[in-house]
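Summary of structural features
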Amino acid sequence: MNGLSFSEICCLFCCPPCPGRIAAKLAFLPPEPTYSFQDLGDGSFGLHLTEKAEWQYGQKELDCIEVFTTKSSKGNQIGCMYVRCAPNARFTLLFSHGNAVDLGQMASFYVGLGTRINCNIFSYDYSGYGVSQGKPSEKNLYADIDAAWQALRTRYGISPENIIVYGQSIGTVPTIDLASRFECAGIILHSPLTSGMRVAFPDTKRTWCF
């Protein structure tokens, strides 16, 4: 049973027996926030990273990161991060990260990735992650990426044909949903999920009705 006790299994599937609650318990593992936004007094924010963010670069790279919040259709303020890695980049990645990290922990990765592939990177934290308000849920995932998409389009004026949507792990869920509704330059799915059951029990050979 992959190390899960009988009581933990009961907690997952019986308290209460609601598919949305079960999915949330299995899929979302928000860490203790590794960053904060500092109000600079002119309507903009500065990024403060804690030691847990494990920032690997210097002030020059930090100055290339812009942060702000935007409101989702569910009423949650969502933390957003725009990393300017390449001044003349043709494409921007709209990156939806995995389930157990936040923007602070991903910041160094974004700088390194964008620099290597000559792309700028725009990312956001799901509801209940980092500075984002609310609680993690499937419905909030869809609202969160919608808010990020609209912010990227309107705030930076980037056209859909120049946006590549990139989802990692749980981030593949909102990525596929967004790409089914909006045109974009391309889709990258990094370690997509096969099923919720296989997240909890990797040795599962079949997917049951529940």
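Residues numbered from 1 in each chain as written. Predicted model: local features only at pLDDT ≥ 70, side-chain atom pairs only at ≥ 80, totals over all residues. Heavy atoms only, no water.

1. Description of helix 4 (residues 103–117)
A rise of 1.5 Å per residue sets the reference length of helix 4, with its 15 residues, at 21 Å; its end C-alpha atoms lie 20 Å apart and thus fit the reference within 8%. The largest bend in helix 4 amounts to roughly 30° and is located at F109. When we look at burial in helix 4, the residues that qualify are L103, G104, M106, A107, S108, Y110, V111, G112, L113 and G114. The backbone nitrogen of G104 lies 3.1 Å from a side-chain oxygen of the residue at the head of helix 4, namely D102. Residue N118 follows helix 4 closely and has a positive phi angle near 60°. (Helix = DSSP H or I, 4+ residues; strand = E, 2+ residues; numbered from the N terminus. Expected span 1.5 Å × (residues − 1). Bend = angle between axes of the 7 residues up to and from the residue. Buried < 20%, exposed > 50% of the residue type's maximum accessible area, 1.4 Å probe, protein only. Polar contact = N/O pair within 3.5 Å; in protein donor to acceptor, adjacent residues only side chain to side chain.)

2. Focus on the packing of aromatic side chains
Aromatic ring pairs: the centre-centre distance and the angle between the two ring planes describe each pair. Counted according to the given criterion, the structure contains 15 aromatic pairs. Taking 4.3 Å as the distance between ring centres and 15° as the angle between the ring planes, the aromatic pair formed by F95 and Y166 counts as stacked. In this pair, F95 sits in strand 5 (residues 92–96) while Y166 sits in strand 7 (residues 163–168), placing the two residues 71 residues apart along the sequence. Judged by relative accessible area, F95 falls into the buried class, the value being 0%. Considering the side-chain rings of Y124 and Y126, the 5.5 Å spacing of their centres and the 80° angle between planes classify their relative orientation as edge-to-face. Through pairs of rings, three or more aromatic residues link up here, namely F68, Y82, F122 and Y156. (Phe/Tyr/Trp six-rings, centres within 6.5 Å; stacked < 30°, edge-to-face > 60°.)

3. What about the environment of P87?
Inspection of the secondary structure assignment puts P87 in the loop between strand 4 (77–83) and strand 5. Separated by 33 residues in sequence, P87 and N120 place their C-alpha atoms 8.1 Å apart.

4. What to know about helix 5 (residues 138–156)
An α-helical turn contains 3.6 residues, so a residue and the one three or four places further along point in the same direction. Under the 1.5 Å per step criterion, the end-to-end length of helix 5 is 27 Å for 19 residues, consistent within 8% with the ideal 27 Å. When we look at burial in helix 5, the residues that qualify are N140, L141, A143, D144, I145, A147, A148, W149, A151, L152 and Y156. In the core, the buried residues of helix 5 are packed alongside strand 3 (65–71), strand 4, strand 5, strand 6 (120–124), strand 7 and helix 6 (172–179). Positive phi appears at G157, one or two residues downstream of helix 5, with a value of about 65°. (Contact = heavy atoms within 4.5 Å.)

5. Re the packing of helix 5 against helix 6
For the pair helix 5 and helix 6, interaxial distance at closest approach is 9 Å and the crossing angle is 60°. Classified by the interaxial angle, the pair formed by helix 5 and helix 6 is oblique. Regarding helix 5 and helix 6, the two cross each other, and that crossing is right-handed. In this structure, helix 5 uses L141, Y142, I145, D146 and W149 to contact helix 6, whose residues at the interface are V173, P174, T175, D177 and L178. The residue makeup of the contact of helix 5 with helix 6, split by class, is 7 nonpolar, 1 polar and 2 charged. (Axes fitted to C-alpha atoms, helices over the stretch in contact; angles between N-to-C directions. Parallel < 35°, antiparallel > 145°, perpendicular 65-115°, else oblique. Left-handed = near helix turned anticlockwise from the far one by under 90°. Nonpolar A, V, L, I, M, F, W, Y, C, P; charged D, E, K, R; others polar.)

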